[in-house]
Amino acid sequence: MKKWVFGCAMALVITSCDNKKFSIQGRVADADGQVLYLESLTVNGTELLDSVELDKDGRFKFKYHAPQYPEFYQLRLDKSIIHLAIDSTETLNLSANAADFANDYELTGSDECVKMRIVAQESAKLKKRIDELSRAMSSNSDRVDDLRKQAIEDLAAYKKKMFDLVLENPASATAYYIVFQEINGDKIFDPYDADDRKLIAAVATGFDSLYPDSPRSKQLKNMTLAAIAAERAAQKEKPEIEASTANFLDIELYDLRGRKKVLSDFVDAGKVVLLSFTAYQADYSPVYNMKLAELYKKYKSKGLEIYQVSLDADEQAWKVAADNLPWICVRDPQSVYSHNAAMYNVKTLPTCFVIDRNDGIVKRIEKVDEIENAVQSRL
């Protein structure tokens, strides 16, 4: 009898745990015939949980199992998305309009969701501003320096605002959400940037202390530790080859569109390659790149290619600065700890090397006014 009672009690406990659910309900106006989706955002991707075809009234209700740890979900109407954070058994109430679903809505029942909406709006403003400045740089070459400076300042202001939000509660869903914000597919906060990593590490520590078994805690911790390990490894490495002989060391890095660019591919194609190590945020950069642009325009048709390696710590600032340059622009995420720069024994910026297929490195150049003669002699 006692065993039977104990078994029933355990069954009730398990059933009670399984029955814990969160719910999202509300109305989407002017959405007759459209399908509203509830999707889970896991560390591995998006998973469809439920959907409903909205009628003329537009009312809906979703119920799903409450997560063990704070988790992220989204409501999707066509391509418009509203991001949500669920901690337990919340009941969220949504009032939205189909015409501007992602922006024109009211949501109650979760303070974290309200904060996440603020973050999403700030990120959207930054993206719009960066896109505007990029277009302006494309059409107004006389103001490139001022526009680039403005983009960097706007990015810094956004990051400062997000740092302040994270410090309010590093273990919150909003803090995690901030870490993974993107602009045009690129993360705003880079774990390989020392300043950005402070924010990411704070969130990783907060999540690990409250939710040590959560997949998101492990994701944050691994991301932070991997960046630290890469930085330490780069600091320990010593260049064994002085890059002034008739050989060259290959480099494989990614351009603005995420495409791998291999230095040897351009050398093997018979090009005379100017390998340039630089930093776009440095004061010398605008004048330096203008001189390279004149050189490239003059000698490109004769076989010149420029392979420019950015050592900028700020990835987004690099992308803004390099967006309109016609040559190969790649970035080393290890920044000043770059293994590639160490291999070439780069001690000052800018430094460049003239390389051709027959003779390898033919000249190391640290003075801008020496570049053209060195290139011209090989062409």
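The structure displayed is predicted, hence computed values, not measured ones.

Asker: When you look at the packing of aromatic side chains in this model, what are you seeing that I'm missing?
Answerer: For any pair of aromatic rings, geometry is given as the distance between the ring centres together with the angle between the planes. Counting across every chain of the model gives 13 aromatic pairs. We note Arg117 situated over the ring of Tyr105; from NZ or CZ to the ring centre the distance is 3.9 Å. Looking at Lys159, its charged tip hangs above the ring of Phe189, at a distance of 5.7 Å from the centre.

Asker: Could you clarify how one ought to interpret the sheet that holds strand β17 (residues 360-365) in this entry?
Answerer: The strands that make up a sheet pair up through hydrogen bonds in the backbone, lying either parallel or antiparallel. Strand order in the open sheet formed by 7 strands is β12-β11-β15-β14-β13-β16-β17, and the pairing between neighbours is mixed. What marks the edges here is a single partner per strand, and that holds for β12 (260-262) and β17. Taking the axes of each pair of neighbouring strands and ignoring which way they run, one obtains an average angle of 35 degrees across the sheet. Where strand β14 (residues 304-310) lies against strand β15 (residues 328-331), 4 bridges are found, and the strand directions are parallel. Looking at β15, one finds that Tyr307 is bridged to Ile328. Strand contacts of helix α8 (residues 285-299): β13 (272-278), β14 and β16 (351-356), with the helix running at about 155 degrees to β14, the strand carrying the most contacts. Against the sheet, helix α9 (residues 315-322) touches β11 (252-255), β14 and β15, its axis set at about 175 degrees to β15.

Asker: I'm lost on the pattern of salt bridges in this one. Help?
Answerer: As a working rule, side chains carrying opposite charge can pair if their charged atoms are close by. For the structure on display, the rule yields 23 salt bridges. For the salt bridge of Glu39 with Arg76, the shortest nitrogen-to-oxygen distance reads 2.8 Å. A residue pair is termed long-range when its members are at least 10 positions apart, and Glu39 in strand β2 (residues 35-42) and Arg76 in strand β5 (residues 71-77) qualify at 37 residues. We note a salt bridge from Lys127 to Asp131, for which the minimum N-O separation is 2.8 Å. Note that Lys127 and Asp131 are positioned in helix α2 (residues 111-139) at a spacing of 4 residues, about one turn of the helix.

Asker: Help me understand the side chain of Ser40 in this model?
Answerer: Relative to the helices and strands, Ser40 resides in strand β2. Overall, the relative accessible area of 8% leaves Ser40 in the buried class. Ignoring any residue separated from it by four or fewer positions in sequence, one finds Ser40 in contact with Gly45, Thr46, Glu47, Leu49, Phe72 and Tyr73.

Asker: Please clarify how the pairing of β15 should be interpreted in this entry.
Answerer: Burial along β15 is two-sided: Ile328 and Val330 and Cys329 and Arg331, pointing in opposite directions, are all buried. Pairing of β11 with β15, which is carried by 2 bridges, proceeds in the antiparallel orientation. Within β15, the position partnered with Asp255 by the bridge is Val330. Of the crossover connections in this fold, the one passing from β14 over α9 to the parallel β15 is right-handed.

Asker: Explain the environment of Val114 to me, please; I cannot follow it from the model alone.
Answerer: Checked against the element boundaries, Val114 lands in helix α2. When the C-alpha atoms of Val114 and Leu167 are compared, they prove to be 17 Å apart, with 53 residues separating the residues in sequence.

Asker: Just to check I follow, could you spell out the sheet that holds β2 for this structure?
Answerer: The 4 strands are arranged β3-β2-β5-β6 in an open sheet whose pairing can be described as antiparallel. One side of each edge strand has no neighbouring strand; the edge strands of this open sheet are β3 (45-53) and β6 (80-86). Averaged over all pairs of adjacent strands, the angle between their axes in this sheet comes to 25 degrees, without regard to strand direction. Where β2 and β3 come together, 8 bridges link them in antiparallel fashion. For Glu39, the partnering residue across the bridge sits in β3 and is Leu48. Contacts from α2 reach β5 and β6 within the one sheet, and its direction differs from that of β6 by about 140 degrees.

Asker: What exactly am I supposed to notice about the confidence of the model for the protein here?
Answerer: Predicted coordinates in areas of low pLDDT are best not read in detail. Residues of the protein with pLDDT of at least 70 account for 91%, and the chain-wide mean is 86. Taking the mean pLDDT of every element in the protein, the minimum, 44, falls on helix α1 (residues 2-18) and the maximum, 96, on β5. This stretch, residues 238-246, has a pLDDT under 50; its non-local contacts, to residues over four places away or in other chains, come to 16 contacts.

Asker: In this structure, what is going on with the nonpolar core? I would like to understand it.
Answerer: For soluble globular proteins, the rule of thumb is that nonpolar side chains tend to be buried together. Core analysis: the biggest nonpolar cluster contains 35 residues, and Phe72, Phe189, Val203 and Leu220 have the highest contact counts within it. Counting only elements with at least two residues in this core, the list comes to α2, α3 (144-168), α4 (173-179), α5 (194-210) and α6 (215-236). Broken down by element, the residue count for this core peaks at 7 residues, all from α3. Setting aside chain neighbours within four positions, we find Leu220 in contact with Tyr176, Val179, Phe180, Val203, Ala204 and Phe207. Core analysis: the second largest hydrophobic core is formed by 24 residues, Ile24, Val28, Phe60 and Leu107 among them.

Asker: Looking at this structure, how should I read unusual backbone geometry?
Answerer: Peptide bonds are trans in most cases, and residues, glycine excluded, mostly fall at negative phi. Going from Leu349 to Pro350, the amide bond is cis rather than trans, its omega being 0 degrees. Among the structural elements, Pro350 can be located in the loop between α10 (339-343) and β16. Backbone geometry places Asp78, a non-glycine residue, at a positive phi of 60 degrees. Mapped onto the elements of the fold, Asp78 is located in the loop between β5 and β6.

Conventions we followed
Residues numbered from 1 in each chain as written. Predicted model: local features only at pLDDT ≥ 70, side-chain atom pairs only at ≥ 80, totals over all residues. Heavy atoms only, no water. Phe/Tyr/Trp six-rings, centres within 6.5 Å; stacked < 30°, edge-to-face > 60°. Lys NZ or Arg CZ within 6 Å of the ring centre and 35° of its normal. Pairing = 2+ DSSP bridges. Helix = DSSP H or I, 4+ residues; strand = E, 2+ residues; numbered from the N terminus. Axes fitted to C-alpha atoms, helices over the stretch in contact; angles between N-to-C directions. Contact = heavy atoms within 4.5 Å. Salt bridge = Lys/Arg side-chain N within 4 Å of Asp/Glu carboxyl O. Buried < 20%, exposed > 50% of the residue type's maximum accessible area, 1.4 Å probe, protein only. Right-handed = clockwise from strand over helix to strand, strands pointing away. pLDDT = per-residue confidence, 0-100. Core = buried A, V, L, I, M, F, W, Y, C linked by side-chain atoms within 4.5 Å.

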